Amino acid sequence: MADTIFDKIIKKEIPADIIYETDEVLAFNDISPQAPFHCLIIPKKAIATINDIQPEDAQLIGQLYLAAAEIAKQQGVAENGYRVVMNCNKDGGQSVYHIHLHMLAGKTLGWPPYSDKVKQI
Ligand code: DGP
């Protein structure tokens, strides 16, 4: 699989505003923030989509959520709350094919309206 932009960030070939790093996980601020705080939490292992996660990756996926909880404490948003979401493929809005949790915080987050009901009838 060809390197994604996130592989280049992991290898420090291109810059990113890194806020958290372990041997297996990296988090950095999103280049196009959708909330006052918006970071991406990624495994250093290249996994393209949620569909490609294997049973042996279960612990690694857990580490992404443990990182989110740690970052929330560091950023002072744990109590007020935040959202983590992972997009998958075209309909999920995925644009970088290296799995990543979006972590959004710093405001009361809305939920996108569902307005396609008419099409389904
Ligand atoms: P998604 O659409 O779910 O695949 O999210 C990809 C996110 O990655 C999107 O919010 C923008 C962010 N992004 C893309 N390229 C870069 C980059 O070079 N640096 C940083 N920090 N974020 C990036």
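The preceding data block contains the structure.
Residue numbers run consecutively from 1 along every chain, following the written order of its sequence. A pLDDT threshold of at least 70 governs which residues receive local features in this predicted model, and a stricter bar of 80 or more applies before side-chain atom pairs are shown or counted, although totals over entire chains, interfaces and linings include all residues. No hydrogens and no water enter the side-chain calculation; it runs on all heavy atoms of the structure.

Asks: Which parts of the structure should I look at to understand the site of the ligand?
Replies: Any residue with at least one heavy atom within 4 Å of a molecule or strand is counted as near it. Neighbouring residues of the ligand: 15 residues in total, closest D30, N87, G93, S95 and H102. As used in this structure description, the phrase polar contact means that two N or O atoms lie within 3.5 Å; if the pair is within protein, one of them must be able to donate a hydrogen and the other to accept it, and residues adjacent in sequence are counted only when both atoms belong to side chains. Note that a nitrogen atom of the ligand is positioned 3.3 Å from one of the backbone N or O atoms of I31. All accessible-area figures derive from a Shrake-Rupley calculation using a 1.4 Å probe, and residue coverage is judged against the displayed protein chains alone. When the ligand is considered free in solution it has 510 Å² of accessible area, and contact with the protein chains removes 83% of it. Structurally, the ligand is housed in the largest pocket. Strands are runs of DSSP state E lasting at least two residues, helices are runs of H or I lasting at least four, and both sets are numbered from the N terminus onward. Put simply, the parts of the chain that give the shell around the ligand at least two residues each are helix 1 (5–10) and strand 2 (25–29). In terms of residues, the shell around the ligand owes the most to one element, helix 1, which gives three residues. Residues are sorted three ways: Asp, Glu, Lys and Arg are charged, Ala, Val, Leu, Ile, Met, Phe, Trp, Tyr, Cys and Pro are nonpolar, and all the rest, Gly among them, are polar. Here the shell around the ligand is built from residues that sort into seven nonpolar, seven polar and one charged. Whether a set of points on the 1 Å grid over the protein atoms alone is a cavity depends on a 1.4 Å probe fitting there but being unable to get out, while an open set qualifies as a pocket with protein on both sides within 12 Å along at least five of seven lines; lining residues are those with an atom within 4 Å of a point. Molecule-in-pocket calls rest on the fraction of atoms, with more than half required to lie within 2 Å of the cavity or pocket grid points.

Asks: Explanation requested: the sheet that holds strand 1 (residues 18–21) in the structure shown.
Replies: The strands that make up a sheet are held in pairs by hydrogen bonds between backbone atoms, and each pair lies either parallel or antiparallel. Overall, antiparallel pairing links the five strands, which are arranged 1-2-3-5-4 in an open sheet. At either margin of the open sheet sits one strand with a lone partner, and together these are strand 1 and strand 4 (82–85). Taking each pair of neighbouring strands and ignoring which way they run, the sheet shows an average axis angle of 20 degrees. Contacts are assigned to residue pairs that have any heavy atoms within 4.5 Å of one another. To obtain an axis, a line is fitted to C-alpha atoms, over the contacting stretch when the element is a helix, and the angle between two such axes runs from 0 to 180 degrees between their N-to-C directions. In this fold helix 2 (residues 58–75) packs onto strand 1, strand 2, strand 3 (37–43), strand 4 and strand 5 (101–105), with an angle of close to 150 degrees to the strand it touches most, strand 3. One bridge is not enough; two strands pair if DSSP finds at least two bridges between them.

Asks: Any chance you could explain the nonpolar core here in plain terms?
Replies: For soluble globular proteins, the rule of thumb is that nonpolar side chains tend to be buried together. As used in this record, nonpolar core signifies buried Ala, Val, Leu, Ile, Met, Phe, Trp, Tyr and Cys residues forming a set joined through side-chain atoms within 4.5 Å. Think of it in three bands: with a 1.4 Å probe and only protein chains considered, a residue is buried below 20% of the maximum accessible area for its type, exposed above 50%, and partly exposed in between. By size, the foremost hydrophobic cluster in this structure holds 20 residues, and its most contacted members are V25, I41, L64, I71 and M103. Listing elements by their share of this core, those giving two or more residues are strand 2, strand 3, helix 2 and strand 5. Excluding residues that lie within four positions of it along the chain, I71 makes contacts with I19, Y20, A27, F37, C39, I41 and M103. In terms of nonpolar packing, the next biggest core, distinct from the first, is built from eight residues, F6, L26, F28 and V96 among them.

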